[in-house]
Amino acid sequence: MISNIEKLGFNQTKEFLPSFDKFQSSINQRVMFLKFFNQEVCCELKFTKDEFKACRKETLFNIFVKKVYASLLFSSCTSKYFKLDIEKSMKINKFIKKANTEVNVKFKRFTLNNNNDDKSNIDKALKLIDIFEESGCSLYLDGNKIFKNFVSNKIIKNNENKIIDVNNDSIDIFSEENSFMTKIFTFWKFIDAQNLQIDAHIKKAVDCIKNSEFKQIYLVYPKNENFNRHIKIKTNEIKSGEYVIKLIPYSLRSTLR
């Protein structure tokens, strides 16, 4: 049985990542996490292809800390060429002190160079530190949010001839050709086709059909070894032929490319 982890992430000693489909190894799990992180942040904070290679040997904690370190200039002393920003330096040095207890890379105390390019890198480091400190030197992503964003990004990319409306809890697809409408609800839940246990989700689909113009509802879940084919759902609450409810397995393998 696959553990349904609502939040994916890591702290200084442990990683909390689901094992399923092609994501049985810690390497692939880390790659998936970094791809999800990239889709949630601005360009300057995204991980590069070269940085992804670290997933083979490093923990996520080490990978993130070293990304912070890579954006910093370090010096054992100040000089006339350095202008110390006390507030930023204290924040960064506090992070360095905490991170050095775990990561096998040691740096000396930080001083801020007044060169503009360096300042840009330091601002990037500070943004990463803010993300870390929000959860106490750890980082977690909301599974439901990132899965919905992942699915909606794919749908938008692959359906340029259709109108896509991404709402708070659904993705709506409108076809201009035949006025056909589809509503998609996404769930970060690893379901078993032989033991679904999704009554609340099905009720949500039924209520939507009864109370809106949408008659085709897709309930989308991560594809896994226990759920890899579409499943049609029938209910006595609605007349047959007036609706479609499908459970859709959505592959995450593209995160490994």
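Heads up: these notes are all about the structure in this document.

A look at the sheet that holds strand β8 (residues 231–232)
So, point 1. With mixed pairing, the six strands of this open sheet are ordered in space as β4-β5-β6-β7-β9-β8. Each edge of the open sheet is held by one strand with a lone partner, namely β4 (162–166) and β8.
So, point 2. Sheet topology places β8 next to strand β9 (residues 244–250); two bridges connect them, and they run antiparallel. Counterpart to Ile231 in the pairing with β9 is Leu247.

Quick look at unusual backbone geometry
So, point 1. Phi is positive for Asp21, close to 45°, though the residue is something other than glycine.
So, point 2. With respect to the helices, strands and loops of the structure, Asp21 is situated in the loop between β2 (15–16) and α1 (26–40).
So, point 3. You will see that Gln197, though not glycine, has its phi angle at about 55°, which is positive.
So, point 4. Among the structural elements, Gln197 can be located in the loop between β6 (181–186) and α7 (199–211).

Looking at the packing of α1 against helix α6 (residues 143–158)
So, point 1. Closest axis-to-axis distance for the α1/α6 pair is 10 Å, and the angle between their directions is 75°. Regarding the angle of α1 to α6, the classification is roughly perpendicular. Residues Phe36, Gln39 and Glu40 of α1 form the contact with α6, whose own contacting residues are Lys145, Ile146, Asn149, Phe150 and Asn153.
So, point 2. Tallied by class, the residues present in the contact of α1 with α6 amount to three nonpolar, three polar and two charged.

Looking at the packing of aromatic side chains
So, point 1. Throughout the structure, instances matching the rule amount to 21 aromatic pairs.
So, point 2. Ring geometry for Phe95 and Phe132: centres 5.5 Å apart, planes at 50°, overall tilted. Of this pair, Phe95 sits in helix α4 (residues 86–99) while Phe132 sits in helix α5 (residues 116–133), placing them 37 residues apart in sequence. Note on accessibility: Phe95 and Phe132 belong to one class, buried.
So, point 3. The ring of Phe52 carries the charged tip of Lys35 above its face, separated from the ring centre by 5.5 Å.
So, point 4. Residue placement shows Lys234 over the ring face of Tyr243; its charged tip is 5.8 Å from the ring centre.

The rules behind the values
- Residues numbered from 1 in each chain as written.
- Predicted model: local features only at pLDDT ≥ 70, side-chain atom pairs only at ≥ 80, totals over all residues.
- Heavy atoms only, no water.
- Pairing = 2+ DSSP bridges.
- Helix = DSSP H or I, 4+ residues; strand = E, 2+ residues; numbered from the N terminus.
- Axes fitted to C-alpha atoms, helices over the stretch in contact; angles between N-to-C directions.
- Parallel < 35°, antiparallel > 145°, perpendicular 65-115°, else oblique.
- Contact = heavy atoms within 4.5 Å.
- Nonpolar A, V, L, I, M, F, W, Y, C, P; charged D, E, K, R; others polar.
- Phe/Tyr/Trp six-rings, centres within 6.5 Å; stacked < 30°, edge-to-face > 60°.
- Buried < 20%, exposed > 50% of the residue type's maximum accessible area, 1.4 Å probe, protein only.
- Lys NZ or Arg CZ within 6 Å of the ring centre and 35° of its normal.

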